[in-house]
Amino acid sequence: MSSFRIRPRFKHLVSKPSTEVESHILHALAMTQEIYTAGFVQGHTHLLIPVKERHFWSPQLHLSTEATEEGTIIRGLYGPNPTVWGLFFFGYITLGMAFFFISFWGLTKWSLGQPATVLWALPFIALVALILYLIAQMGQKVGAEQMFRLHHFYEEIFEDKVHIN
């Protein structure tokens, strides 16, 4: 887990049936105060940091289970709070659309021989996108310790090392 990705994930094969895996996860959650679950639906579990320690950049772990002939495949996906994810997604979409329309408009004016001063907005939009990216990286670093806690908790449940992709 040394390099950060936008939404790190893992895939773990466990030799137990899926119902036993889910009950094992729920039992481990009941035995600890360190991790809090936001919800459990058949096949899906969200692991969160306790409310008193949670902040804007706190990560969460979504676990989904899938029964196979060899046992159960557990897929884990680390990500931010959906509000944070939505905020950055909306920001990037807005900047991308602004970049597209301003460049389309400016290049059209330029090809017609008219002044295309609107094209000077493109470096500003690129700068805002870079700042948004740097803020996201900073937030990811702020939540890194909690992400490690979630991952180590998962590894303790199954007493196995799991590589994150």
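These numbers come from a predicted model, not from an experiment.

K.L.:
Explain the environment of Arg-149 to me, using residue names and the numbers behind them.
P.N.:
Tracing the sequence through the fold places Arg-149 in helix 4 (residues 144-158). Separated by 67 residues in the primary sequence, Arg-149 and Pro-82 have C-alpha atoms spaced 19 Å apart. Among all residues touching Arg-149, those that are not within four sequence positions of it are Glu-34, Ile-35, Ile-49, Pro-50 and Glu-53. In this structure the side chain of Arg-149 is engaged in a polar contact, spanning 2.6 Å, whose partner is the side chain of Glu-53.

K.L.:
How would you summarise the confidence of the model for the protein if you had to cite specific residues and measurements?
P.N.:
Model confidence for the protein is summarised by a mean pLDDT of 90, while 96% of its residues fall at 70 or above. For the protein, per-element mean pLDDT is lowest for strand 2 (residues 36-41), which scores 78, and highest for helix 2 (residues 82-111), which scores 96.

K.L.:
Any chance you could break down the pairing of strand 1 (residues 9-14) for me, citing the residues and the numbers?
P.N.:
Residues Phe-10, His-12 and Val-14 line the buried face of strand 1, whereas the alternating positions Arg-9, Lys-11 and Leu-13 sit on a face that is not buried. Pairing of strand 1 with strand 5 (residues 72-80) involves 6 bridges; the strand directions are antiparallel. By the bridge assignment, Phe-10 is partnered in strand 5 with Gly-76.

Criteria and cut-off values
Residues numbered from 1 in each chain as written. Predicted model: local features only at pLDDT ≥ 70, side-chain atom pairs only at ≥ 80, totals over all residues. Heavy atoms only, no water. Helix = DSSP H or I, 4+ residues; strand = E, 2+ residues; numbered from the N terminus. Contact = heavy atoms within 4.5 Å. Polar contact = N/O pair within 3.5 Å; in protein donor to acceptor, adjacent residues only side chain to side chain. pLDDT = per-residue confidence, 0-100. Buried < 20%, exposed > 50% of the residue type's maximum accessible area, 1.4 Å probe, protein only. Pairing = 2+ DSSP bridges.

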